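Chain and residue survey
Below are the chains, spelled out letter by letter.
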Amino acid sequence: MKFMKLGSKPDAFQSDGADVRYVISDLATDVIVHVSEVKFYLHKFPLLSKSSKLQRLVIKATEEGTDEVHIDGFPGGATAFEICAKFCYGMVVTLSPHNVVAARCAAEYLEMTEDVEKGNLIFKIDVFINSSILRSWKDSIIVLQSTKALLPWSEELKVIGRCIDAIASKTSVDPANVTWSYSHSRKGMSCTEIVESTGRTSIAPKDWWVEDLCELDVDLYKRVMVAVKSKGRMSPELIGEALKAYAVRWLPDSYDALVAEDYMRRNQCLVETIIWLLPSDKTSGCSCRFLLKLLKVAILVGAGQHVKEELMRRISFQLHKASVKDLLLPATSPSDGTHDVKLVHNLVQRFVARTAMSHSGGFVEKSDDKMIELNFEQESTLALGELVDGYLSEVASDPDLSLSTFVELATAVPEAARPVHDSLYSAVDAYLKEHPNISKADKKKICGLVDVKKLSTDASMHATQNDRLPLRLVVQVLFFQQLRAGSSNALALTDGGGHTCAKPIMKDQSDICERRIPRHPNSLNKQVTSLSAREVEHRKSEHRGGGGRNSFKDQLGGFLLQSRSRRIFDKIWSSKGQGENGKGSETSGSSQSPPLSAKPADVKPSPLPPLRNRRYSVS
């Protein structure tokens, strides 16, 4: 920190209480100057020899027959006036970054210019500011902070503007030429100077200036960042990092502190300023997590709609990089539930629309750059599907979440984004668990989101034992599992015979499964009858032959029809003899009457293992 000493005489100012200051001298004082609540007992000659303002005030007081002068609105108050008075007496005065602005504004008010006396106070302070203060990184920030209490004088004297220009210029200095020894967060660093240097005594990171600027008030910080961006030498990533550090420094963590009445307006101004300062490049500079946090704060503090719109537009460019926790935005209306699912739906729609517009031509162009870009878009689409399904699993437990809102968000994701439906099935199951009283039509609608052909073996096993699912969906899962198990056995037999077989394509399997899964109860009964007859015949052959290698379970690929799965088959089998009342063709909801072949202690369905975080590769 830089200092400047003026004068040579010892300090002779004394206090008499909190509101009286006087000078120890053999001569009696002949003028009383009132500044704020303090009285200064002084001598006319030293003051009038350096201040034009005091000359006029004393002459006016003499004409009125008094020796008292009243000064209202003095910049810097009594402390700044005392500095000027000591300079007039030639006493020692120490100027520092903390008081130099107040002294400069006070000298301006008192008109202590070169016209009155050469080498007056204004001249000496300007030399100190230009030659020392503005060349020091730390001192420039301290001086800029002190200017806010001295408005509008500090603005009119261009002290603020000169400090901002000096700070912005120093942020653009090559880090290799910076002696880095001052930062608020670096442990073990001494609070000395950051100065430009030709030597390389220490290596400063590119963001060495970021945290130091966080000490500025929001209005001054805004002006500094505008100057930094106008230089054109700072990357969007560094700008984004600086804004994130400032938000962490000033935005409170707790909800109560954020929405407190005394600080609501300040927080609103703060978040709007940060959003206004975001880099112009919407695809870089700020992470999606940081933008979503800003959106959450903007919602809580009631920021303007244009602010939210700008954030949503930026988020839509990199929504696939977000996490489920980031998307848990608070709802603006209590009737909408706990989380703002509609806003997330809006973000997903924007992301999908942007992706579709950017690559409407598919793989027409065969250049390497085009292929790489398309692969990136495919990865981002898959990431979006995983993100939305995980988000649906989180918000499904909200009792106020409507079915239409859930379905709209689930269907907003392209089909290509869900090669596996395990996470979507988990979300649907969570919704059914939280909303057990929905109608059969609504249950059919939400379960229709799940494609049984895209469920893994674990998810299929869970679905076959899930009492919350409609009967038709469970039957479809059972038959597709049977088909898949049979295909696996066929491939195993082919490989065992020494023949090569190409790996079946999932799409072809889906088409075959679609044809094989019965769509009518009569057709289903026929297949179940056939399966049961085959099982009885095989058991007889086992009894005659002492047990064969390929059992009925092997024919089904080892898929065990336990618990609810077995009860479903028994229910369908028994329905053939129930007459024409149609009770045996029930296709939705779980059975309320005990199955014919059910045992008193059936195996309860095992919980679905965590599917949301599993990653899949589909060939």
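Sequence order as written defines the numbering, with residues in each chain counted from 1. Whole-chain, interface and lining totals are the exception, using all residues; otherwise, since this is a predicted model, local features are given only for residues with pLDDT of at least 70 and side-chain atom pairs are given and counted only at 80 or more. Note that the side-chain values use all heavy atoms of the structure and ignore hydrogens as well as water.

If you look the protein chain up in an unreviewed UniProt entry, it shows as NPH3 domain-containing protein from Oryza punctata. The protein chain has a UniProt comment under Sequence similarities (unreviewed entry) that states "Belongs to the NPH3 family." UniProt positions are given in the numbering used here, feature names are shortened, and annotations may be inferred rather than shown by experiment. Under the UniProt heading Pathway (unreviewed entry), the note attached to the protein chain is "Protein modification; protein ubiquitination."

Moving on: the nonpolar core. Formed by 151 residues in total, the largest nonpolar core has its most connected members in Leu 42, Phe 81, Trp 209, Leu 213 and Phe 406. Every helix listed is a DSSP run of H or I at least four residues long, and every strand listed is a run of E at least two residues long, numbered separately from the N terminus. Looking at which element gives the most residues to this core, the answer is helix α13 (residues 288-301), with ten residues. Discounting chain neighbours no more than four positions away, the residues touching Leu 42 are Phe 13, Val 23, Thr 29, Asp 30, Val 31, Val 33, Leu 47, Phe 81, Ala 85 and Tyr 89. Side-chain atoms within 4.5 Å are what join buried Ala, Val, Leu, Ile, Met, Phe, Trp, Tyr and Cys residues into a set we call a nonpolar core. Remark: exposure states derive from per-residue accessible area (1.4 Å probe, protein chains only) relative to the maximum for the residue type, with buried under 20%, exposed over 50%, and partly exposed in between. Contact criterion: two residues are considered in contact whenever any of their non-hydrogen atoms come within 4.5 Å of each other.

Pairing between two strands is assigned when DSSP locates at least 2 bridges connecting them. Taken in spatial order, the five strands of this open sheet run β2-β3-β5-β4-β6, and their pairing is mixed. The open sheet has two edge strands, β2 (13-15) and β6 (68-71), and neither has a second partner. Taken pair by pair, the neighbouring strands of this sheet meet at an average axis angle of 20°, ignoring direction. Helix axes use the C-alpha atoms of the stretch in contact, all axes being lines fitted to C-alpha atoms, and the angles between their N-to-C directions lie in the range 0 to 180 degrees. In this fold helix α2 (residues 52-63) packs onto β4 (31-35) and β6, with an angle of close to 130° to the strand it touches most, β6.

Now for the pattern of salt bridges. Salt bridges are defined by distance alone: a side-chain nitrogen of Lys or Arg within 4 Å of a carboxyl oxygen of Asp or Glu. Here the structure, examined in full by the defined rule, presents 18 salt bridges. Note that Lys 454 is salt-bridged to Glu 415, the shortest N-O span being 3.7 Å. You can see Lys 454 sitting in the loop between α19 (440-447) and α20 (457-464) and its partner Glu 415 sitting in the loop between α17 (403-411) and α18 (422-434), a full 39 residues away along the chain. The exposure class of Lys 454 is buried, given its relative accessible area of 19%.

The geometry of an aromatic ring pair is captured by two quantities: the separation of the ring centres and the angle between the planes. Whether two aromatic rings pair depends on their centres lying within 6.5 Å, for rings of Phe, Tyr and Trp, where Trp uses its six-membered ring; planes under 30 degrees apart make the pair stacked, over 60 edge-to-face, and the rest tilted. Throughout the structure, instances matching the rule amount to nine aromatic pairs. Measuring from ring centre to ring centre gives 6.1 Å for Phe 13 and Tyr 89, while their planes differ by 85°; the resulting arrangement is edge-to-face. Residue Phe 13 is found in strand β2, and its partner Tyr 89 is found in helix α3 (residues 77-89); the two are separated by 76 residues along the sequence. Its relative accessible area of 11% is what places Tyr 89 among the buried residues. Pairing Phe 74 with Phe 81 gives two aromatic rings, centres 5.6 Å apart and planes at 80°, and the pair type is edge-to-face. Clustering of aromatic rings is evident, with ring pairs tying together Phe 40, Phe 74, Phe 81, Tyr 109 and Trp 153. Above the plane of the ring of Trp 276 lies Lys 222, whose end atom (NZ or CZ) is 4.4 Å from the centre. Consider the ring centre and the ring normal. A charge sits over the ring if Lys NZ or Arg CZ is within 6 Å of that centre and within 35 degrees of that normal.

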